[in-house]
Amino acid sequence: MSGALAALGGCSDAAGRAAPEPAPFEPGYRGVSTFMLDDDLVNFRVSMTGARDADDVLRYAECAAAQYALIRGYGFARHVRTQVAEQGGIWRADAVYTISPALPRGASTIDAEVAVADCELTGVPTV
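All of the points below concern the structure found in this document. Values in this document were obtained by computation on a predicted structure and should not be read as measured data. All chains use their own residue numbering, which begins from 1 and follows the written sequence. pLDDT decides what is reported in this predicted model: residues at 70 or higher carry local features, side-chain atom pairs at 80 or more are listed and counted, and totals for whole chains, interfaces and linings draw on all residues regardless. Here the side-chain values reflect all heavy atoms present in the structure, with hydrogen atoms and water set aside.

## Let's talk about the pattern of salt bridges
Working step 1: Salt bridges are defined by distance alone: a side-chain nitrogen of Lys or Arg within 4 Å of a carboxyl oxygen of Asp or Glu. Under the criterion given, the structure shown has 5 salt bridges.
Working step 2: Salt-bridge contacts for D94 lead to R45; the nearest nitrogen and oxygen are separated by 3.8 Å. Residue D94 is located in strand β4 (residues 90-100), and its partner R45 is located in strand β2 (residues 41-49); the two are separated by 49 residues in the primary sequence.
Working step 3: Overall, the relative accessible area of 18% leaves D94 in the buried class.
Working step 4: Residue exposure (1.4 Å probe, protein chains only): buried if accessible area is under 20% of the type maximum, exposed if over 50%, otherwise partly exposed. By relative accessible area, R45 is classed as partly exposed at 42%. Runs of E in the DSSP output that reach at least two residues are strands. Runs of H or I that reach at least four are helices, and both are numbered from the N terminus.

## Let's talk about the packing of aromatic side chains
Working step 1: Between 30 and 60 degrees the pair is tilted, below 30 it is stacked and above 60 it is edge-to-face, where a pair is any two Phe, Tyr or Trp rings, Trp via its six-membered ring, whose centres lie within 6.5 Å. Here the structure, examined in full by the defined rule, presents 3 aromatic pairs.
Working step 2: With a centroid separation of 5.6 Å and an interplanar angle of 80°, the aromatic rings of F44 and Y68 are classed as edge-to-face. Of this pair, F44 sits in strand β2 while Y68 sits in helix α2 (residues 54-71), and the two are 24 residues apart along the sequence. For the pair shown, F44 and Y68 are each scored as buried.
Working step 3: Aromatic side chains F44 and Y97 sit 5.9 Å apart centroid to centroid with 75° between the ring planes, which places their arrangement in the edge-to-face category.

## Regarding the state of the cysteines
Working step 1: A pair of cysteine sulfur atoms is labelled a disulfide when the two atoms are within 2.5 Å. Taken as a whole and assessed by the stated rule, the structure comprises 1 disulfide.
Working step 2: Note that C63 is cross-linked by a disulfide to C119, the S-S spacing being 1.9 Å. Since a negative S-S torsion denotes a left-handed disulfide, the C63-C119 link at about -90° is left-handed. Of the two residues, C63 is situated in helix α2 and C119 in helix α3 (residues 112-122); the sequence distance between them amounts to 56 residues.

## A closer look at the nonpolar core
Working step 1: Each nonpolar core is a collection of buried residues, namely Ala, Val, Leu, Ile, Met, Phe, Trp, Tyr and Cys, held together in the definition by side-chain atoms within 4.5 Å. In this structure, F44 and Y97 are the most contacted members of the largest nonpolar core, which totals 26 residues.
Working step 2: Elements with a minimum of two residues in this core: β2, α2, β4 and α3.
Working step 3: In terms of residue count, the dominant contributor to this core is α2 (9 residues).
Working step 4: Not counting the four nearest positions on each side in its chain, F44 is found in contact with V32, S33, T34, A64, A65, Y68, A93, D94, A95 and Y97. Contact definition: two residues touch when any of their heavy atoms are within 4.5 Å.

This is the structure in structure tokens:
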């Protein structure tokens with residue numbers, strides 16, 4: 001066994017104990033508020049408990065945006081910006097997306113049908 005592999009073989013914390021297992025992911029999705037800012041510009045405000053980090057609440061907002069695009073008869077959304085905050089165990093995201101019938105320009109585009117199907121598979125609610 002090489003020295004590097006041997007060093008990895010005994011991974012534990014400084015006191016010789018194994019690192020604790022992470023807590024199970026038990027999200028509490030607290031709802032979505034939707035505000036039309038323009039014909040194709042929508043603001044989503046979501047909140048949840050039990051998030052592991054900001055990515056979980058960002059994902060919740062994305063799922064809401066994707067479903068909303070489908071409800072409005074559009075196939076795509078594009079992320080514009082998101083602000084995330086956590087206070088007292090409640091995570092909130094204030095996100096803005098454009099929605100459109102055709103694939104919009106930009107790097108942060110979302111195929112709404114694909115995204116909603118993935119949200120359903122992973123148990124993240126939509127609008």
